[in-house]
Amino acid sequence: MLFRSVEGALAQVGLGNMMGALAFGDVATTPLVRALKEDIPTRRSAAALALGAMDATEPVIEALSTGASDVAPDVRASALESLGALSAGEKYIVTGLDDAHLAVARSAAEILAHHPSFNVSILKGAFKTRGARGRSLLAEALSMGPLLDVHVPLLRDAILND
């Protein structure tokens, strides 16, 4: 049965159905991690998103952390999204606030603002260490986020100290 599962996961990844590989459970980790190293950015991005639906194991987090510095912006954004979904890789997400590609930086800001696992101390650190655009994007995302009551004092301090 395990052989069929590995074979099935490999087949799904080979067909480009990264999410379909998830049906085969943990055995899909290796094929998805390999797909994150392929030449085609859309396949790498899809693999990163699929890895975000798996358990936060060391190989998954390591692969997504590497994906957070991929040359393709879509792959970076997908890797950050998946790290956020797994409540992991906070340093990569915070660093993403200063990404040269606006969509990636905005994605990082929204992840930090909308995932309750990224607490106020992480957000304060982001305001202290990131560039002006990253701080602005984070403030914008926090002002529209679901935890506005928690973020208001943080936003006030950020505005007064910027």
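Residues numbered from 1 in each chain as written. Predicted model: local features only at pLDDT ≥ 70, side-chain atom pairs only at ≥ 80, totals over all residues. Heavy atoms only, no water.

Student: For this particular structure, what's the right way to read the overall build of the protein?
Tutor: Scanning the protein from terminus to terminus reveals 11 helices and zero strands. In sequence order, the protein lays out its α and β elements as α-α-α-α-α-α-α-α-α-α-α. Considering only C-alpha atoms, the protein reaches an extent of 60 × 25 × 20 Å along its principal axes. Evaluated residue by residue, the protein yields a buried proportion of 46% over its 162 residues. For the protein, long-range pairs separated by at least 24 residues make up 55% of all intrachain contacts whose partners lie at least 6 apart in sequence. Split by element, the accessible area of the protein, about 8400 Å² in all, is 58% carbon and sulfur. If you average the places of the 14 positive and of the 18 negative side-chain charges in the protein, the two averages end up 4 Å apart. (Helix = DSSP H or I, 4+ residues; strand = E, 2+ residues; numbered from the N terminus. Buried < 20%, exposed > 50% of the residue type's maximum accessible area, 1.4 Å probe, protein only. Contact = heavy atoms within 4.5 Å. Areas by Shrake-Rupley, 256 points an atom, 1.4 Å probe, with all protein chains shown as cover. Lys, Arg positive; Asp, Glu negative; His and termini not counted. Charge placed at Lys NZ, Arg CZ, Asp CG, Glu CD.)

Student: Honestly, the nonpolar core in this entry has me stumped. Any pointers?
Tutor: Counting residues in hydrophobic clusters, the biggest one holds 49 residues, and the most contacted among them are Leu-32, Leu-51 and Leu-112. Considering each element in turn, this core owes the most residues, seven residues, to helix α8 (residues 102-114). Among all residues touching Leu-112, those that are not within four sequence positions of it are Ile-93, Val-94, Leu-97, Phe-118, Ile-122, Leu-123 and Leu-138. (Core = buried A, V, L, I, M, F, W, Y, C linked by side-chain atoms within 4.5 Å.)

Student: Could you clarify how one ought to interpret helix α10 (residues 132-143) in this entry?
Tutor: Every α-helix winds through 3.6 residues per turn, so residues three or four apart in the chain are directed the same way. The end-to-end C-alpha separation of α10 is 16 Å, in line with the 16 Å expected for 12 residues at 1.5 Å each. Among the residues of α10, Gly-134, Arg-135, Leu-137, Leu-138, Ala-141 and Leu-142 are the ones counted as buried. In a view along the axis of α10, the buried residues occupy a sector of 165 degrees, so they form one face of it. (Expected span 1.5 Å × (residues − 1). Arc of directions from axis to C-beta.)

Student: Can you help me understand unusual backbone geometry in this one?
Tutor: As a rule of thumb, non-glycine residues mostly have phi less than zero, and peptide bonds are mostly trans rather than cis. In this model, Ser-87 sits at a positive phi of 50 degrees, which is unusual for a non-glycine residue. Tracing the backbone shows Ser-87 in the loop between α6 (73-85) and α7 (90-96). Judged by its relative accessible area of 46%, Ser-87 is partly exposed.

Student: What is the right way to look at the pattern of salt bridges in this model?
Tutor: A side chain with one charge may pair with a side chain of the opposite charge, provided their charged atoms come close. By the definition in use, this model includes four salt bridges. Notably, a salt bridge pairs Asp-99 with Arg-76, separated by 2.7 Å at the nearest N-O pair. A residue pair is termed long-range when its members are at least 10 positions apart, and Asp-99 in the loop between α7 and α8 and Arg-76 in helix α6 qualify at 23 residues. Residue Asp-99 is classed as buried on the basis of its relative accessible area, which comes to 12%. (Salt bridge = Lys/Arg side-chain N within 4 Å of Asp/Glu carboxyl O.)

Student: Is there a simple way to explain the environment of Ile-111 in this structure?
Tutor: Within the fold, Ile-111 resides in helix α8. By relative accessible area, which is 6% here, Ile-111 ends up buried. Apart from residues lying up to four places away in sequence, Ile-111 is in contact with Leu-80, Glu-81, Gly-84, Ile-93 and Phe-118.

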